[in-house]
Structure formats: C-alpha cells, structure tokens
Amino acid sequence: MIRVLCYLKNLKLLVMIDIGYVELTVTEVEDILKIVNPTKASSPDLISPKLLKEASSVLKYPLCNLFNLSLSTSTFPDQWKRANVTPVYKNSKPNDVRNYRPISLLSVISKCMERCVYKHVYNHLMRNNILTINQSGFTRGDSAVNQLINISNDFGKALDSGKEIRVVFCDISKAFDLVWHKGLLFKLQQAGISGSLLRWFENFLTKSNGWLLTVHVPNGYLDYLICEAFELTPYITTSQTQEMAFSLQAVRSGFRSLNKICVSTNVRSYYLYSPEPFHPLPDRLPQKNTAEEAVQVIQSGFRVFVHGAAATPVPLIEALCQHGLKAGLRNVELLHIHTEGPGTYNKPEYEGIFRSNSLFLAANARKAVMDGRADVIPVFLCEIPLLFRENKIPLDVALISITHPDKHGFCSLGPSVDCTRAAIQNAKYIIGMANRHLPRTIGDGIIHQSHVDTIVECDYPLHELKKGELSPEEQKIGKLIAEHLVEDGATLQMGIGSIPDAVLAQLNDHKDLGVHSEMFSDGVVELVENGCITNAKKNIETGSIISSFAVGTRKLYDFMDDNPFVEMCDVGFTNSVAVICQNPKVTAINSCIEVDLTGQVCADSIGEKMYSGFGGQIDFIRGAALGLDGRGKPIIAMPSTTKKGESKIVNMLKNGSGVVTTRAHVHYIVTEYGIAYLFGKNIRQRAYELIRLAHPDHRERLEKEAFERMKCMPSP
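The model shown is predicted, which means the values in this text are computed figures rather than measured ones. (Residues numbered from 1 in each chain as written. Predicted model: local features only at pLDDT ≥ 70, side-chain atom pairs only at ≥ 80, totals over all residues. Heavy atoms only, no water.)

Caption draft 1: Representation of the packing of aromatic side chains. This model, assessed by the stated rule, comprises 13 aromatic pairs. Arranged with centres 5.6 Å apart and planes meeting at 20°, the rings of Trp200 and Phe204 form a pair that is stacked. Highlighted residues: Trp200 and Phe204, both in helix H8 (residues 195-205), separated by four residues, approximately one helical turn. Exposure class is identical for Trp200 and Phe204. Each is buried. Arg366 extends its terminal NZ or CZ atom over the ring of Tyr611, reaching a point 3.7 Å from the ring centre. For the cation-ring pair, Arg699 lies above Tyr673, with the distance from its terminal atom to the ring centre recorded as 5.2 Å. (Phe/Tyr/Trp six-rings, centres within 6.5 Å; stacked < 30°, edge-to-face > 60°. Helix = DSSP H or I, 4+ residues; strand = E, 2+ residues; numbered from the N terminus. Buried < 20%, exposed > 50% of the residue type's maximum accessible area, 1.4 Å probe, protein only. Lys NZ or Arg CZ within 6 Å of the ring centre and 35° of its normal.)

What follows is the structure, encoded as structure tokens:
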C-alpha cells in the first residue's frame, strides 16, 4: 500500500510504501544460523545452538519454510514464547515481583526468525526516514558512545565560551515492563507496518499460557511486559521513544565516523537537534577564506563531495588539487555526479592523491575510469540521497557553490540541488563558493549561511551548454514524438541533448504542458515564453516547473533566478516513482546508446567502456508506465545509426554493455523511421517492430540474425 503523507516544507508530498508482508529467503536464514553462538545453553525446546550452527546448510531449508509459514499465517507459535525465566533482584521490596529483572532463556530458533524479521523492518524504517536522527541506541553505525562524545564536545565549547550548562537526563524506570501493547501496535501501524506482518506482531505480543516462570506474576502484568531476550526488543524500544526524542529536542547524535575527522574547533559539529540546513544556527557565522585556505581542512583518507553540473565549483577543485600536491595527500576520494570543467583530479599525475567516484559519469572522468584510476557507482538517481542519509557513504567535506547570503542569511544551491541537499545534510564540514553568477533558485536548495563552515567569495562564470544544430534525423524524431505521443496537458520529463531539444522545438502548438523532470535546459524556457508550459494540469506542485538540476546557457540561468515558477528539488522527490505516477499523461523522453531486438536498452556504456550512468531514465520510464491515469508514455528515442553509420538497433548488445532499461520496462522506441510499441509483445513481434525502425541498410542483416537467434522469422 502506498501512503501519501504531508511534507510540510515546501508543501510537497512525501510517499511512504507500507510493508505488509515479509518473505524470507534461504540465504537470509542461513546467514543468521551461521552467527548463532554455539556456547549458549539450550532453550526450553532443548534444541542445541551448536546443532543449528553446524547444520545450517541443511536446516536452512525447513526453517525458511517454517518462518515463512509463521509470517503468512500471522502466527507466532506459543512454543516459541515459552522461556525459562530466572528472576534477578534489582531494588526496593524483595517480595514484589516487579522489583526483579527477568533473565529469560528463549527458543534459539524463534530468535533466529526474529533477527530475520528485524532486518526487514529496520530497512523499511530507514528507507522511509521514520526513525528520528536523535536515536543513537539500537541504530546501525551509531551508539550511545557517539552521543556521549558529541555532548562532551558541546559542553567543552560552551565552557570555552563562558556559557552556563544545564542538563536534564531522563531514565525510564522499568522500561520493558511498561510497554503498552495496544499503543505499540498503533505505533507499528503508523510506521507503515500493515497486513499480515502487523497481525504477526499482534500475535507475537499476545500473552501465552505457556510461559515458564519461577515466580508468581500478577494478573494483567503480561499485558505490558516485553521480554528483554526477544531479538525484536530493540525495535520495540525505539518505536516507543520517537516522540520523546522530538519533544525533548534531544542532542543530535554526533559524528558518524570520528575516525575520519577529529573533534576540533575547525570541524563542524551537529550540536543542535537536526542537520536540516534551512534553519539559522544562533551565534554562528562562517569563516571567510581564500580557496587555498579553505581546502586546508582536507586530509589524507577524506571522502569529499563535489557539487556537480552547472554548479561545479572549479576554483575550489583547482585549489584542492594544488593542496593535494603540496601537502602530499593520499587516497582522497571525490564523490560526485557529473561535473563540468577539466576534472583536473582525474589527470594521471594525481593518481594516488585523488580517486574520483562518479555517481553519474561525465566526459572528464571517462578515461580515468577506463584506465582504472577512477570508479563509477551504478545507482538510480532517485536513490543517491539514500547513500548519504542512510550513512552508506559517510561524507567528511562538501565542496559546493552557493549564492551570496541574502539579508536574512540564506543562500541557494542555484541550478543544481539534485543529491547535493542530502550531501550537505550529512557532511561534517561544508565549504561554500559564493558566486554572483549563480542563479538564486526556489525550493529545496536553500541553506542558511550558519551551516556553512567556510565561505570563499569567487566570481566564476557558470558552465554553459550551447544548443547545437539538429540533424534531419533528429528533427524527424522530434516531430514524430510531438505529433503522435505528446498530448495537450501532458507532464514532460526530458534530458539534455539533441533529442529532447528536437522534441521541445516541435511543441509550440501544444497547450497546458507541465514539467516534472530531473533536469531541463533552454528549450523549456522558450515554451514558457510562448505560453505552452503552464503546469496547470499537474497534480504534484500544480503551477510550478519541478526539477532537480539544469544545464544550459546564460538565458536559462537568468530565467531561473529568483523565479517562483521554477522549483529546484531534492532528486529523491523529483525522481520518486510514487510521485511521478500521480501527474497526468506523464511523457518521459529519454535517449540511449543501443537497443537489442528483444527491447533491452543500453544507455550507460559502449561495450565494456563506461560512458555515463543510470541517471533518472528508469525512474521516469517506470513512473510514466505506472501513471495513475493510465495515459503515461515511457519513450526511448534515438537515431537509427551512429555518426559512423553503425546500427543502434542490434541483434545483441555489445559484449560488456549494461542494461539500464530492461526488456520488461520498455514501452515506446522511436527512431526517424517511426514508432514501435513493445509493451505486451513477444520476442518475435518485438524483433519485427524494431527492424522496421532500423536504417534500411541494416534491415536485411538484422532479419538474418534474428532468424538465427529465434529459429523463426520476425513477424507482427
């Protein structure tokens, strides 16, 4: 079930997908069995932990079936709720059972199952950002020690400033004894746990007549007791303390990777309750330095995020490269989407000093990747923010471009918000290049200057992408799509390049078009000026162009500057399939490198050579296909041949080529020779349709190759 919540900031929609059923795999079960402690005592069922561990390769199959049966029937066996309980006296009256801590010995098999379920539930919570960032206990990559280090840092800074420190510590007495089961189930439901999984939890929490206790338990006491030996207890405790964390505005859990940056006065500390970069931090202003001074904070082994696209901070990058040489830095990782400029850090002389890690590959990094001096991460554009927010890739420093602070101290990320917002929310130190050429954009790209550690003032022209001359083939493709696939009132997604430009150039007679796209360029400006784009029919952010980054000419940047008609958003929102599909007549126009006769689309590589990346292609192809109005059009468009005359429609993809859009996802393919609709067609029919779109010089050869492959002729 898809749940749409209110995203208060900017009044967007936040979509949470409920988890109603969990199906465990044999591999998951085996992994849990392998880490069972064989030295533990047997549980009430007398099954030895040593047996479970040593026979895991055999027992994984029946146990997986048993666990899945429990989940599908929403039944937690009573036998697994039985525990040998030894009471250990805590304090107060010794004749009161509530003053004893129950040390429970539960079924090892049940604990294995709970660990499997816990993993799925925890991942659901993290994907949907349900857990408060203030939670340190029972959180992967965090601990109470981190919390203590951060608090100690805060105390030290306050004392150094001559401030008074007042602290309130809260300890929940008998925390596991006083969990309200009905309230907990309500909390689980609010967190997106539903269906058979919610009923399984309800059965899990239901008291059993089979408890083996060595002391008398008062009537009704088990309605509130949670056994501390349960593997799901950490999640239960975390769920019950969420509102407390917010109401107390607890101290923000500090640095996630202190081994990267030592606590010092030169390092940014999240000493408030939230890393949200929008709110002003009291009594805090950024330092003003030169680029050379600012990058001195970067040390060997650091992971540095670099702002990309039109906002690439080239002066900061050049200063960093010089710093790397002079300081003898080693193994500095630079993480980024595609960057403009020379990409100096990718030159051979910087090998060993810097290693580029591209989330979307640009021309300035291709040779370094091909030579083994740089890396590329295959990832959907919509999921890049998760890498930072879930701490999969911790960031030490972020190099970003910003506008100069306004009278309230707010800066803008300009034309490139994309994954940068997530990066600055999680980087420990932020260096901002204040550039007067950067357009001030509305939306998610606002950051208050108090969150920036160092500002470097710079007057650097933005990178521009000039429109090239369209070939006759590209013009024909644009006309075919505009006349046959783009309807009035459609919501458009398009990339940057000749094919999108060709389509946009043919839309001047269309009405009430909308734009919800991860990126856009100058062609959109012309349609706005002609009154073709109004965004009036959109369901998401009606009346506004929604995008996450833009690259074009100065005309585009001037159009974006302080323009409330354009909202630049976090790419996790713009590229969310659950958001995209709510707009009307979603028309996603993307290009590719080649397509095989079954409909597999390669868009990120040329054979074994990495060329670009996944980007947002599959995000919008899927979003259009799942359009709630049933009128979405996922389109892959390309000329039938390369500039060398090679066919882009091939029998089989080149050896090593990656599949970005699978044959199951593809719907429309367009070349200058026509439109093919592949959804619902079998392989033989697809081959026929695609050969029809190929250049005439290649059709006969493709037919022969198709026959050799399928043992039958392509036919409609």
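The rest of the description comes next.
Caption draft 2: Examining the sheet that holds strand E6 (residues 287-288) more closely. If you walk across this open sheet you meet the eight strands as E6-E16-E13-E11-E7-E8-E9-E10, and the pairing is parallel. Where the open sheet ends on each side, the last strands, each with one partner, are E6 and strand E10 (375-376). (Pairing = 2+ DSSP bridges.)

Caption draft 3: Spotlight on the pattern of salt bridges. Scanning all chains against the criterion turns up 25 salt bridges. In this structure, Asp453 and Arg284 form a salt bridge, with 2.8 Å as the shortest nitrogen-oxygen distance. Of the two residues, Asp453 sits in the loop between strand E15 (446-448) and strand E16 (454-458) while Arg284 sits in the loop between helix H10 (242-247) and E6, which places them 169 residues apart along the sequence. Here Glu487 makes a salt bridge to Arg631, at a shortest N to O gap of 2.5 Å. One end of the pair, Glu487, is in the loop between helix H16 (472-484) and strand E17 (491-494); the other, Arg631, is in the loop between helix H22 (617-625) and strand E28 (633-637), with 144 residues separating them in the sequence. One network of salt bridges, with partners in common, ties together Glu487, Lys585, Arg631 and Lys633. (Salt bridge = Lys/Arg side-chain N within 4 Å of Asp/Glu carboxyl O.)

Caption draft 4: Layout of the side chain of Asn346. Take Asn346: it is sitting in the loop between strand E8 (332-336) and strand E9 (354-358). At 3.2 Å, the side chain of Asn346 and the backbone oxygen of Asn364 are in polar contact. Residues contacting Asn346, with those up to four places away along its chain left out, are Ser356, Asn364, Ala365, Ala368, Arg373 and Ala374. (Polar contact = N/O pair within 3.5 Å; in protein donor to acceptor, adjacent residues only side chain to side chain. Contact = heavy atoms within 4.5 Å.)

Caption draft 5: Representation of helix H12 (residues 314-327) in the model. Between the first and last C-alpha of H12 there are 20 Å, a value that for 14 residues agrees with the 20 Å anticipated at 1.5 Å per step. Considered for burial, the residues of H12 that qualify are Val314, Leu316, Ile317, Ala319, Leu320, Cys321, His323 and Gly324. A positive phi of about 65° marks Gly328, the residue just after H12. (Expected span 1.5 Å × (residues − 1).)

Caption draft 6: Layout of the sheet that holds E28. Overall, mixed pairing links the six strands, which are arranged E18-E17-E23-E28-E30-E31 in an open sheet. Edge positions in the open sheet fall to strand E18 (514-515) and strand E31 (674-677), since each of these has one partner strand only. Where H16 meets the sheet, its contacts fall on strand E23 (586-591), E28, strand E30 (668-671) and E31, and the angle it forms with E30 comes to roughly 140°. (Axes fitted to C-alpha atoms, helices over the stretch in contact; angles between N-to-C directions.)

Caption draft 7: Inspection of the nonpolar core at higher detail. If you look at the biggest cluster of nonpolar residues, it comprises 71 residues, and the most contacted ones within it are Phe388, Ile402, Ile481, Leu507, Phe520, Val524 and Ile545. Counting only domains with at least three residues in this core, you end up with domain 2 (287-457) and domain 3 (472-710). Residues in contact with Ile545, not counting those within four places in the same chain, are Val515, Phe520, Val524, Val528, Ile533, Asn535, Lys538, Phe559, Phe565, Val566 and Glu567. With 33 residues, the next largest nonpolar core counts Leu24, Val29, Ile32 and Leu52 among its residues. (Core = buried A, V, L, I, M, F, W, Y, C linked by side-chain atoms within 4.5 Å. Domains from an automatic or database assignment.)

Caption draft 8: Examining the packing of helix H3 (residues 56-72) against H8 more closely. Axis separation between H3 and H8 bottoms out at 8 Å; the angle between their running directions is 95°. The angle between H3 and H8 places the two elements in the roughly perpendicular class. Contacts between H3 and H8 involve Ser70, Leu71 and Ser72 on the former and, on the latter, Ser196, Leu197 and Trp200. When its residues are assigned to classes, the contact of H3 with H8 shows three nonpolar, three polar and no charged. (Parallel < 35°, antiparallel > 145°, perpendicular 65-115°, else oblique. Nonpolar A, V, L, I, M, F, W, Y, C, P; charged D, E, K, R; others polar.)

Caption draft 9: Broad picture of the pairing of E9. Most of E9 is tucked away, with four of its five residues classed as buried. Bridge analysis of E8 against E9 gives five bridges, and the strand direction is parallel. The residue of E9 that forms the bridge with Val332 is Phe354. Looking at chain direction, E9 and E10 are connected through two bridges and run parallel. Bridged to Asn357 within E10 is Asp375. The parallel pair E9 and E10, bridged by helix H13 (residues 363-370), forms a crossover whose chirality is right-handed. (Right-handed = clockwise from strand over helix to strand, strands pointing away.)

Caption draft 10: Here's a closer look at unusual backbone geometry. Positioned with a positive phi, Asn391 is a non-glycine residue whose angle comes to about 60°. Looking at the secondary structure, you find Asn391 in the loop between helix H14 (384-389) and strand E11 (397-402). Note on Asn391: relative accessible area 25%, which makes it partly exposed. Its identity as a non-glycine residue notwithstanding, Lys585 has a phi of 50°, on the positive side. Structurally, the position occupied by Lys585 is in the loop between helix H21 (577-580) and E23. Using a relative accessible area of 16% as the deciding quantity, one classes Lys585 as buried.

Caption draft 11: Representation of the pairing of E17 within the structure. Here E17 shows two buried faces, one formed by Thr491 and Gln493 and the other by Leu492 and Met494. Alignment of E17 against E18, held across two bridges, turns out to be parallel. By the bridge assignment for E18, Thr491 is matched with Gly514. Read as a crossover between parallel neighbours, the route from E17 over helix H17 (residues 498-504) to E18 is right-handed. Note: E17 against E23, four bridges, orientation parallel. Bridging across to E23, Thr491 finds its partner in Val586.

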